[in-house]
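# Residue-level structural notes
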Amino acid sequence: MGVQPLPVGPPGEQMVQTLRVGRVLPSATAALLGPTQVDIGDDGRIAAIRPVAEGDVSPDEARLMLTPALCNAHDHGRGLSTLAFGAVDQALETWLPDLARQPKIDPYLNAAVAFARLAESGVGAVNHCHNTQDGAALLAEAEAVSRAARDVGIAVAFAWPFFDRNPFVYGPLAGMIDQLPAAYRDAVAGRSGGFRTCAQNMALIEQATAFEHARFKIQYHPVAPQWAQDETLAAIAEASTRDGRRIHIHLLETERQREWADRHYPEGFLAFLDRIGLLSPRLTVAHAVWLRADECALLADRGVTVSINLSSNLRLRSGLPPLGALLSAQTPVALGLDGMSLDDDQDMLRELRLVQNSFARPAKNHPSIDPTLILDGALRIGRRTILGDDGGGHIAVGAPADLLALDFAALASDDITGAPDAMALLLGRAQRRHVVRLIVAGREIVADGRCRTVDLPALESALIEQARLAYRTSPPDMALIRGIQSAVGAYYEADLHR
Ligand SMILES: [Zn+2]
């Protein structure tokens, strides 16, 4: 099923050997460089960086500012937006049942569209927490996402979902089923079992390693502690210690999750996760909105990275993550879009701005957030959670040639000082329309602002056409979905989760 991407030609054709730009921002903290030539080796790494005379840079090159490629540390590969199928933004707990409105679509198309859109917003590496459409077809879905990563050419960490408890609500399902109209009780009870076991997931991952390639690596993804049994979390912690594979988990995204966790782990929720060995430098936690200050410090101490997803937290009414506490504890913080950017445009550059401005409060007890830390999260820290320590995330000889060229002339078009502040303009104004080129491992992915490895407009139309057809031929059972949403709402109103 599905549409094949346009031929991309042999990889050699898209390799960039040399580029010249007017400015280079080598990292979040380094000083800006002037006109520069960057040479890229056949190994996809930076071979040389040298200053060039202003006259040796063409007007088109002089416009550009080169930075390391951006990283999106938490996402789900939503080529088809949730708004496209009518899942309206609301609190996470009632939003999740709405996702059942999504028609069945080709996992390749869905992922390729998502990855190509991200590439056009300057993202060279992404975490992909996979949402299965058909649990029985997970292996085939993983293969499709691996192909999409290869074709688009950005790096993808595929987080393999382990989900084996608490469907629908956190806590006893009976309390929610009681709130349903009688006609739906059997249907919901019937969907409450049949999870892939931890052992089945481990065996499938063994097979899925065949899909790994330079731009596609598998990670363990216990979806969240409330959705994975304690034994599953422990088994994953142990497997990761043994094989070094990274773990990615949603953690304390909403207040109801916090309340459930406090009720169910009297020894302390984070203390439990620590005792079973889950908290390590190999772990990324997404959201962490309801983390307490001492827990931020514990995560810092264990070397855990937190991916904050501010747009998503706003759209799903989760609250704001404790960014100040995380940064003062020196917890590594990365940024993710969660497929839910504020304007539903998957624009990583705008997310930087949203994060910076949401936490800028000039008050004694709220030191404003250092913008370089936010940029560092998007350049270096997020990258580590996807690719490990590969020497990337900055522009230096020997580092992977994962590079983003922005139209600095457009960013600074109204500057009257003659010495525009690159950092202020990048964080204050940049958006996807300023992306000119994206290079990943020396390969040109985006040129003139358009993804060149696949035909994004063609893939988008194919995806939407396919989704419309599937929606028409097997429309969602809206009465059932609404019934579940109102029972879920009543369950939490009655405080049955704690
Ligand atoms: Zn998520």
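Before going further, it helps to spend a moment on the pattern of salt bridges. It is possible for side chains of opposite charge to pair when their charged atoms get near one another. Inspection of the entire model under this criterion finds 27 salt bridges. Notably, a salt bridge pairs Arg450 with Glu120, separated by 3.6 Å at the nearest N-O pair. With Arg450 in strand β17 (residues 450-451) and Glu120 in helix α3 (residues 107-120), the pair connects residues that are 330 residues apart, well separated along the chain. For Arg450, a relative accessible area of 49% corresponds to the partly exposed category. According to the relative accessible area criterion, Glu120 is buried, its value standing at 10%.

Time to look at the coordination of the zinc ion. Surrounding the zinc ion are the protein donor atoms His74 (NE2), His76 (NE2), His250 (NE2) and Asp338 (OD), at 2.1 to 2.3 Å. Viewed at the metal, the 4 donor atoms of the zinc ion are separated by angles of 81 to 176°, and the geometry they form is irregular. All donors of the zinc ion come from a single chain, and their spacing in sequence reads H-x1-H-x173-H-x87-D. Of this pair, His76 sits in the loop between β6 (70-72) and α2 (92-98) while His250 is found in strand β10 (residues 247-251), placing the two residues 174 residues apart along the sequence. When its relative accessible area of 8% is taken as the criterion, His76 is described as buried.

Our next topic: the environment of Pro281. Along the polypeptide, Pro281 turns up in the loop between α10 (269-275) and β11 (283-287). Leaving out residues up to four positions away in the same chain, Pro281 has contacts with Arg246, Arg302 and Gly303.

Counting 130 residues, the largest nonpolar core has Phe115, Ile154, Trp160 and Met176 as its most contacted members. Broken down by element, this core gets its largest block of residues, 10 residues, from α3. Once residues within four sequence positions are removed from consideration, Met176 is found in contact with Phe168, Val169, Val188, Ile484, Ala487, Val488 and Tyr491. Within the second largest apolar cluster, 15 residues are counted, among which are Val38, Ile40, Leu64 and Leu403.

One way to put it is that helix α14 (residues 348-358) packs onto helix α15 (residues 371-387) with a least axis distance of 10 Å and a crossing angle of 145°. Two packed elements cross with a definite hand, and for α14 against α15 that hand is right-handed. When α14 is examined against α15, the residues Leu352, Val355 and Gln356 are found in contact with a partner set consisting of Pro371, Ile374, Leu375 and Ala378.

Moving on: a nonpolar patch on the surface. On the surface, Leu314, Leu320 and Leu342 cluster together into a nonpolar patch covering about 250 Å² of accessible area. Residue position: Leu342 is located in the loop between β13 (333-335) and α14. What makes Leu342 partly exposed here is its relative accessible area of 42%.

We now examine helix α11 (residues 293-302). What α11 keeps buried is the set Glu295, Cys296, Leu299 and Ala300. Each buried residue of α11 sits inside an arc of 145° when the element is viewed along its axis, so together they form one side. Exposed positions of α11 whose direction lies more than 90 degrees from the buried face are Asp294 and Asp301. Packing partners of the buried residues in α11 comprise α9 (255-264), α10, β11, β12 (305-308) and α13 (323-328). Of the residues one or two after α11, Gly303 is the one with positive phi, at around 75°.

This paragraph deals with the state of the cysteines. Going through the model one piece at a time under the given rule, you end up with 0 disulfides. Free of any disulfide, Cys129 has its nearest cysteine sulfur in Cys71, 15 Å distant. Taking relative accessible area as the criterion, Cys129 reaches 0% and is therefore assigned buried.

In this structure the tally under the stated criterion is 11 aromatic pairs. Summarising the aromatic geometry, the rings of Phe158 and Phe216 are spaced 5.5 Å apart at their centres and angled 50° between planes, so their arrangement reads as tilted. With Phe158 in strand β8 (residues 155-162) and Phe216 in strand β9 (residues 216-222), this residue pair connects regions lying 58 residues apart in the sequence. Under the relative-accessibility criterion, Phe158 is labelled buried at 0%. The exposure class assigned to Phe216 is buried, which follows from its relative accessible area of 0%. Taking the centre distance of 5.9 Å and the plane angle of 20° together, the rings of Phe163 and Trp227 count as stacked. Of the two residues, Phe163 sits in the loop between β8 and α5 (174-177) while Trp227 sits in the loop between β9 and α8 (230-243), which places them 64 residues apart along the sequence.

Reading the values: rules and limits
Residues numbered from 1 in each chain as written. Predicted model: local features only at pLDDT ≥ 70, side-chain atom pairs only at ≥ 80, totals over all residues. Heavy atoms only, no water. Salt bridge = Lys/Arg side-chain N within 4 Å of Asp/Glu carboxyl O. Helix = DSSP H or I, 4+ residues; strand = E, 2+ residues; numbered from the N terminus. Buried < 20%, exposed > 50% of the residue type's maximum accessible area, 1.4 Å probe, protein only. Donors = N, O, S within 2.8 Å, 3.2 Å for Na, K, Ca; no water. Tetrahedral: all angles 85-135°; square planar, octahedral: opposite > 155°, others 65-115°. Contact = heavy atoms within 4.5 Å. Core = buried A, V, L, I, M, F, W, Y, C linked by side-chain atoms within 4.5 Å. Axes fitted to C-alpha atoms, helices over the stretch in contact; angles between N-to-C directions. Left-handed = near helix turned anticlockwise from the far one by under 90°. Patch = residues over 30% accessible without salt bridge, like charges linked within 9 Å, V, L, I, M, F, W, Y side chains within 5 Å. Areas by Shrake-Rupley, 256 points an atom, 1.4 Å probe, with all protein chains shown as cover. Arc of directions from axis to C-beta. Disulfide = S-S within 2.5 Å. Phe/Tyr/Trp six-rings, centres within 6.5 Å; stacked < 30°, edge-to-face > 60°.

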